[in-house]
Amino acid sequence: MKKLYLLGMAAALACPYTLAEGTAPAQNKEAFISDLLSRMTLDEKIGQLRLISIGPDMTHEQIRKEIAAGRIGGTFNSVTRPENRPMQDAAMNSRLKIPMFFAYDVIHGQRTIFPIGLGLASSWDMDAIAVSARTAAREAAADSLDMTFGPMVDISRDPRWGRSSEGFGEDTYLVSRIAKVMVQGYQGKDVSAPDSIMAAVKHFALYGGVEGGRDYNTVDMSPTRMYQDYLPPYRAALDAGAGGVMVALNSINGVPATSNTWLMQDLLRRDWGFKGLTVSDHGAILELVKHGVARDGREAAKLAIRAGIDLSMNDMVYGKELPGLVKAGEVPESQIDSAVREVLATKYDLGLFADPYRRLGKAADDPQDVNAESRLHRQDARAVARRSMVLLKNAKDTLPLKKAGTIALVGPLADAPIDMMGSWSAAGQPTQSITLLRGLRDAVGNQAQVLYAKGANVTNDRNSLAFLNRIIFDRTEVEVDPRTPQAMIDEALKAAANADVIVAAVGESRGMSHESASRTTLDIPAPQRALLTALRATGKPLVIVLMNGRPLSLVRETEQADALLETWFTGTEGGHAIADVLFGDYNPSGKLPVTFPRSVGQVPMYYSHLTIGRPFTPGKAGNYTSQYFDEDTTPLFPFGYGLSYTTFDVSDVHLSSARLKRGDTLKASVTVRNTGKRDGETVVQLYLHDVAASMARPIKELKNFEKVFLKAGERKEVTFNLTEEDLKFYNTQLQYAAEAGDFDVQIGLDSQDVKQARFELL
Ligand code: NOJ
């Protein structure tokens, strides 16, 4: 046996690891882990299963003591090298010197904040999304982080759910494509690289299906819907190599994910072959008691470890209960060993055994100022952000604006640095985010004048304000202007009176679309609506710039606005990116990754619903069809929708054959033409519909897309390959197969505006 020498700073420390003679560490992962495991006490093993939050629960000193005693496996929520190094030092002082790993919620950027998930998804641009994830990984790794609790790939079809903002929308195919790109971006070519971090995909599973859109609520779902619509994005992340899985807080058909052996064992490990790390969500193991499936903490720990939850996040329950459970023979030590193996394997894969300071580096190299401008990637953030916006309306070519005359910029989100970043903004600093006010002023320089008035508070509702300013964030989230609503509107009207055009930045504060922030209405809050009505009455051109983290009901605002631009929460460079779009320095190309209902009463509303016996046909109202009689039954803006400053035309669909033999490829092509006067990009989308199957199938499902750039007047043929694989679905027996028969293929620029052709699968 010979010693494996640690690299970097740790080289000076005595190395406790041994490997078989003549074998390189990479080839000996299993042997290495087995050897280490054989030398661990039960307490040390259980210590590895504890993932502790750096926060108010334990002092830093206590945490270091616990680490040195071998009682903590990893931590999260500390984001600088000076914070994390002493913990790694403590680990190097523990008996077996097993390195710690450091995790964090790096969701849409670390220091440079990119658009929120819904914004990234709106780009339909996998290169842009890859840039966001890779940049986030580099910045996070440079901050000594090893792992992110992301990507969050929960399909969400209920915009009342506050966490809709974090994910990538309603569609299985689009979210799955993004899941893959995010994982590859975080992990890079090699997850052990010093600038890579491990992805722990979340929240496994079905968290986006919470009943009523109320966070943490139950999920009750048919197996076919699960397999067909909600599970594939997690699978896509794992197929892309995600090293970890975070387990959801919800129950699934009555059984909490955290104690769900079907989910964690049968599906994840047996059927999907997952070999990596599983992490509970925050406090979720102890919550099994509240779920009503465990009598007490002891039983909760037993259920969770038996289900296959390797790491317990921030509850003390594994540390407290597992030793007794093993001693009493209620949990076999082999079960603890399996979990510890996963933790050690994760650390191995992250390269931490080779060098525990791999991402920490040397103290001498620590940045003097963690928030230094030089650490940001502003150009990338701006390039991605401007691709993430969706132009919803543009009457009379109101946009792009001219860089001339006077612009009145009003609204509570016009100069709101915290909100620009959206929720889950990691280590992003509001002081570094570019607001729309700053963005417009930078864009026009002295060519035009920008007058600013806040015009309204985000909300004046006391209960909402109390909720939004609760101490979850370490700052006042929503500043309330004490003036009367009328005084604020008057100020805005004064600015408007002196302007050629009004730009109103309205929507939600970022906390309104966050964890636990569910809403019963999708309206823009009342004071902002009053402001818009007053602005509309001026008769001046009105551009509404929306900032929000979920689809909103915008019937009135769509009527009021001459132009309507959905920007979501755009991140550090948001103000510049929005200005790029408003002035036409970038021609908007985003498409909605979610359906916009007209009102909350239409929820859930998503484009790919199953066929029914009495469908409603738009324009043909009538009794006894599936409709709302008090409101239009169609969505306000369909999935895949988004305008450009130019126009595009899509030809009829050409199929290479009217029949597809299994094993063959059928080509479906259209010619797309830029019929306007500007260069621009659009997303050509392909949908499929199985005309008659053994069960009702979605009226259409996205199966492919391509983002194309066309110069003014240019045309391009876009061809999609279709194979049997694209036609498969899970039938009522959960067999995944394509059934012979007719299929409609639809190609267009949103889910409704399509051209159609039919072919037969033989
Ligand atoms: C709870 C959230 O549900 C989860 O998404 C997050 O990763 C953890 N807290 C850690 O912050």
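Residues numbered from 1 in each chain as written. Predicted model: local features only at pLDDT ≥ 70, side-chain atom pairs only at ≥ 80, totals over all residues. Heavy atoms only, no water.

1. Looking at the overall build of the protein chain
And step 1. The number of helices and strands found in the protein chain is 22 helices and 29 strands.
And step 2. Compactness check: the protein chain gives a C-alpha radius of gyration of 27 Å against a globular reference of 27 Å for 762 residues, within 12% of the reference.
And step 3. By residue count, 61% of the 762 residues in the protein chain fall in the buried class.
And step 4. Sequence separation of 24 or more characterises 77% of the internal contacts of the protein chain that already satisfy a separation of 6 or more.
And step 5. Just so you have it, the protein chain exposes about 28300 Å², and 50% of that area is on carbon and sulfur atoms.
And step 6. In the protein chain, 86 positive and 92 negative side-chain charges are present, and the distance between their average locations comes to 1 Å. (Helix = DSSP H or I, 4+ residues; strand = E, 2+ residues; numbered from the N terminus. Rg over C-alpha atoms; globule rule 2.2 N^0.38 Å. Buried < 20%, exposed > 50% of the residue type's maximum accessible area, 1.4 Å probe, protein only. Contact = heavy atoms within 4.5 Å. Areas by Shrake-Rupley, 256 points an atom, 1.4 Å probe, with all protein chains shown as cover. Lys, Arg positive; Asp, Glu negative; His and termini not counted. Charge placed at Lys NZ, Arg CZ, Asp CG, Glu CD.)

2. Considering the pairing of strand β8 (residues 244-247)
And step 1. Residues Gly244 and Met246 point to one face of β8 and Val245 and Val247 to the other, with burial holding for every one of them.
And step 2. The pairing of strand β7 (residues 198-204) with β8 spans three bridges and is classified as parallel. Considered in β8, the bridge of Phe204 is made with Val247.
And step 3. When β8 meets strand β11 (residues 277-279), the two strands line up parallel, connected through three bridges. Residue pairing for β11: Gly244 is matched across the bridge by Leu277. (Pairing = 2+ DSSP bridges.)

3. Overview of the sheet that holds β8
And step 1. Spatially, β11-β8-β7-β6-β5-β4-β3-β12 is the arrangement adopted by the eight strands of the open sheet, whose pairing is parallel. Of all the strands in the sheet, just β11 and β12 (312-313) have a single pairing partner and so form its edges.
And step 2. In the sheet, strand β4 (residues 74-76) pairs with strand β5 (residues 101-104) via three bridges, with the strands oriented parallel. Pairing of Thr75 across the sheet is with Phe102, part of β5.

4. Notes on the packing of helix α7 (residues 172-187) against helix α9 (residues 232-239)
And step 1. The N-to-C vectors of α7 and α9 enclose an angle of 25°; their axes lie 8 Å apart at closest approach. Relative to α9, the element α7 is oriented roughly parallel. When the axes of α7 and α9 are compared, the crossing they make is right-handed. Together, Thr172, Val175, Ser176, Ala179, Lys180 and Val183 of α7 and Pro232, Pro233, Ala236 and Ala237 of α9 make up the contact between the two elements.
And step 2. Grouping the amino acids of the contact of α7 with α9 by side-chain chemistry returns seven nonpolar, two polar and one charged. (Axes fitted to C-alpha atoms, helices over the stretch in contact; angles between N-to-C directions. Parallel < 35°, antiparallel > 145°, perpendicular 65-115°, else oblique. Left-handed = near helix turned anticlockwise from the far one by under 90°. Nonpolar A, V, L, I, M, F, W, Y, C, P; charged D, E, K, R; others polar.)

5. Structural notes on the site of the ligand
And step 1. Around the ligand, a shell composed of Phe76, Asp105, Phe149, Arg163, Lys202, His203, Met246, Leu249, Asp281, His282, Met313 and Glu515 is seen.
And step 2. A distance of 2.7 Å is found between an oxygen atom of the ligand and a side-chain nitrogen or oxygen belonging to Arg163.
And step 3. Here an oxygen atom of the ligand and a side-chain polar atom of Asp281 are 2.5 Å apart.
And step 4. Relative to its free-state accessible area of 300 Å², the ligand is covered by the protein chains to the extent of 94%.
And step 5. Residues of the shell around the ligand, tallied by class, amount to five nonpolar, two polar and five charged. (Near = heavy atom within 4 Å. Polar contact = N/O pair within 3.5 Å; in protein donor to acceptor, adjacent residues only side chain to side chain.)

6. Brief notes about the pattern of salt bridges
And step 1. Counted under the stated rule, the structure contains 52 salt bridges.
And step 2. Residues Glu477 and Arg510 are paired through a salt bridge, measuring 2.8 Å at the closest nitrogen-oxygen approach. Here Arg510 lies in the loop between β16 (501-507) and α20 (526-537) and Glu477 lies in the loop between α18 (462-468) and α19 (485-497), a separation of 33 residues in the sequence. Each member of the pair, Glu477 as well as Arg510, carries the same accessibility label: buried. (Salt bridge = Lys/Arg side-chain N within 4 Å of Asp/Glu carboxyl O.)

7. Section: the nonpolar core
And step 1. Of all hydrophobic cores here, the largest spans 132 residues; its most connected members are Phe204 and Leu231.
And step 2. Look past the residues within four positions of Phe204 in its chain and what remains in contact with it is Leu231, Tyr234, Val245, Met246, Val247, Ala248, Ala257, Leu263, Met264, Leu267, Leu268 and Trp272.
And step 3. Judged by nonpolar contacts, the second largest core, of 71 residues, contains Ala385, Ala561, Trp568 and Tyr645. (Core = buried A, V, L, I, M, F, W, Y, C linked by side-chain atoms within 4.5 Å.)

8. Focus on the UniProt feature "domain: Fibronectin type III-like" (unreviewed entry) in the protein chain
And step 1. Mapped onto the present numbering, the UniProt feature "domain: Fibronectin type III-like" (unreviewed entry) falls on residues 682-751.
And step 2. This span, residues 682-751, is 0% helix and 56% strand, and a straight line between its end C-alpha atoms measures 13 Å. (UniProt positions renumbered as here; feature names shortened; annotations may be inferred.)

9. Considering the sheet that holds strand β29 (residues 754-761)
And step 1. The five strands are arranged β21-β29-β28-β23-β24 in an open sheet whose pairing can be described as mixed. Of all strands in the sheet, those with a lone pairing partner are β21 (659-660) and β24 (701-710), marking the two edges.
And step 2. In the sheet, strand β23 (residues 680-690) pairs with β24 via nine bridges, with the strands oriented antiparallel. Bridge assignment links Val684 to a residue of β24, and that residue is Glu706.

10. Some points on the pairing of strand β14 (residues 406-410)
And step 1. Extensive coverage of β14 is indicated by the burial of five of its five residues.
And step 2. Where burial is concerned, the two faces of β14 agree: the one with Thr406, Ala408 and Val410 and the one with Ile407 and Leu409 are both buried.
And step 3. Of the pairings in the sheet, the one linking β14 to strand β15 (residues 449-453) comprises five bridges and is parallel in character. Residue pairing for β15: Ile407 is matched across the bridge by Val450.
And step 4. Inspection of the sheet shows β14 paired to β16 by four bridges, in the parallel sense.

11. Re α20
Within an α-helix, residues lying three or four positions from one another point in the same direction, as the helix has 3.6 residues per turn.
And step 1. Along its twelve residues, α20 runs 17 Å from first to last C-alpha, staying within 8% of the 16 Å computed at 1.5 Å per residue.
And step 2. Turning to α20, its buried residues are Pro527, Gln528, Leu531, Leu532, Ala534 and Leu535. Along the axis of α20, the buried residues cluster in a sector spanning 165°; they form a single face. Across α20 from its buried face, at more than 90 degrees, point the exposed residues Ala526 and Ala537. (Expected span 1.5 Å × (residues − 1). Arc of directions from axis to C-beta.)

12. Here we look at the packing of α19 against α20
And step 1. As a packed pair, α19 and α20 sit with axes 10 Å apart at the nearest point and diverge in direction by 35°. Both α19 and α20 take part in a crossing whose hand is right-handed. In contact with Ile489, Ala492, Leu493 and Ala496 of α19, α20 contributes Ala530, Leu531, Ala534 and Leu535.
And step 2. Among the residues forming the contact of α19 with α20, the class breakdown is eight nonpolar, no polar and no charged.

13. Some details on the environment of Leu174
And step 1. Checked against the element boundaries, Leu174 lands in helix α7.
And step 2. Overall, the relative accessible area of 0% leaves Leu174 in the buried class.
And step 3. Separated by 20 residues in sequence, Leu174 and Pro194 have C-alpha atoms that sit 30 Å apart.
And step 4. Aside from chain neighbours lying at most four places away, what touches Leu174 is Ala121, Trp124, Met126, Pro593, Phe639, Leu702 and Phe705.

14. A short note on the packing of aromatic side chains
And step 1. Evaluated as defined, the whole model comprises 18 aromatic pairs.
And step 2. Considering the side-chain rings of Tyr348 and Phe353, the 6.4 Å spacing of their centres and the 50° angle between planes classify their relative orientation as tilted. The burial state of Tyr348 is the same as that of Phe353; both residues are buried.
And step 3. Pairing Phe596 with Phe637 gives two aromatic rings, centres 6.2 Å apart and planes at 65°, and the pair type is edge-to-face. Here the residue Phe596 occupies a position in the loop between α22 (574-582) and β19 (648-650), and Phe637 occupies one in the loop between α22 and β19, the gap between them amounting to 41 residues. For the residue pair Phe596 and Phe637, the accessibility class agrees, reading buried in each case.
And step 4. Chaining the aromatic ring pairs together yields one cluster made of Trp124, Tyr173, Tyr607, Phe639, Tyr687 and Phe705.
And step 5. Here the basic side chain of Arg157 rests over the ring of Tyr606, its NZ or CZ set 4.5 Å away from the ring centre. (Phe/Tyr/Trp six-rings, centres within 6.5 Å; stacked < 30°, edge-to-face > 60°. Lys NZ or Arg CZ within 6 Å of the ring centre and 35° of its normal.)

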